[in-house]
Amino acid sequence: MTPLLTEQQIADRLPPLAAEIAAAWPRPERLVLVGPLKGCVIFMADLSRALWRVGVSHDMDFVRVASYGAGTESSGVLRLESDLYHPVEGRDVLLVDDICDSGRTMDFVSRHLACKGARAVRTAVLMDKPSRRALPFAVDHVAFTIPNAFVVGYGCDLAEGYRGVPYVGIYEG
Ligand code: IMP
Ligand code: MG
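Scoring rules and cut-offs
- Residues numbered from 1 in each chain as written.
- Chains lettered and ligands numbered in written order.
- Predicted model: local features only at pLDDT ≥ 70, side-chain atom pairs only at ≥ 80, totals over all residues.
- Heavy atoms only, no water.
- Helix = DSSP H or I, 4+ residues; strand = E, 2+ residues; numbered from the N terminus.
- Near = heavy atom within 4 Å.
- Polar contact = N/O pair within 3.5 Å; in protein donor to acceptor, adjacent residues only side chain to side chain.
- Areas by Shrake-Rupley, 256 points an atom, 1.4 Å probe, with all protein chains shown as cover.
- Expected span 1.5 Å × (residues − 1).
- Buried < 20%, exposed > 50% of the residue type's maximum accessible area, 1.4 Å probe, protein only.
- Contact = heavy atoms within 4.5 Å.
- Salt bridge = Lys/Arg side-chain N within 4 Å of Asp/Glu carboxyl O.

Undergrad: Which parts of the structure should I look at to understand unusual backbone geometry?
TA: Peptide bonds are, in most cases, trans, and in most cases residues other than glycine have a negative phi. Leucine 37 connects to lysine 38 through a cis peptide bond whose omega is 0°. Within the secondary structure, lysine 38 is located in the loop between strand 2 (32-37) and helix 2 (41-53).

Now the structure itself:
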């Protein structure tokens, strides 16, 4: 595993990212951070605390999304396996994930949130791989833009392993 983002780099990036979100959204309406399980959890935990430090109060909620079909290459067709616990109608939502890759997950979940009546949806990711998009999707708040490589750690898994690694590494098998 080749280190890509160190613990220090991630820790240093969180306060400016939180400040950027706070500035873009000065008066959120009952803000809720929504993450697709499970890759989002480590980043959401740290981003949540960084947002509190800059005075942005919020709740947290989660969805679970799976792609139809088996195998390693995703079919590209997503389904919602587990929905939000609380309604988001009339609320502002920050959709938070570890990586935006093809863009399908964030596109699917943001459409779902809009269907559920969210007042506004913005997006934040730890890592963006813009070269991998299967559809046009722009993330509002990106901590790091990374090249097309398979990464693990800081929430990102390989067959459920490595999520707790405190930095991000390029997995080379
Ligand atoms: P999408 O292709 O943008 O829909 O990304 C789907 C999901 O794949 C993301 O939420 C990540 O959890 C996961 N993913 C994408 N790239 C990687 C990677 O390099 N390592 C581990 N998980 C990844
Ligand atoms: Mg994921």
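Next, the rest of the story.
Undergrad: Can you help me understand the site of ligand 1 in this one?
TA: Taken together, 15 residues form the shell around ligand 1, and within it Asp97, Asp101, Ser102, Thr105 and Val151 come nearest. A distance of 2.6 Å is found between an oxygen atom of ligand 1 and a side-chain nitrogen or oxygen belonging to serine 102. Here an oxygen atom of ligand 1 and a side-chain polar atom of threonine 105 are 2.5 Å apart. For ligand 1, the accessible surface in isolation is 490 Å², of which the surrounding protein chains cover 81%.

Undergrad: Where do I start with helix 3 (residues 104-115) in this structure?
TA: Because each turn of an α-helix spans 3.6 residues, side chains separated by three or four positions in sequence point in the same direction. When the terminal C-alpha atoms of helix 3 are compared, their 16 Å separation across twelve residues agrees well with the 16 Å that a helix rising 1.5 Å per residue should span. Those residues of helix 3 not exposed but buried are Met106, Asp107, Val109, Ser110, His112 and Leu113. Against the buried residues of helix 3 lie strand 2, strand 3 (59-67), strand 4 (78-82), strand 5 (92-100) and strand 6 (120-128). One or two positions beyond helix 3, positive phi appears at glycine 117, with a value near 90°.

Undergrad: How should the pattern of salt bridges be read in this particular structure?
TA: Two side chains with opposite charge may pair up if their charged atoms get near one another. Taken as a whole and assessed by the stated rule, the structure comprises 13 salt bridges. With a shortest N-O distance of 3.0 Å, glutamate 160 and arginine 163 are connected by a salt bridge. What makes glutamate 160 partly exposed here is its relative accessible area of 43%. Classification of arginine 163 by relative accessible area gives buried; the value is 16%. A cluster of three or more residues bridged by salt bridges with shared partners is formed by Lys38, Asp157, Glu160 and Arg163.

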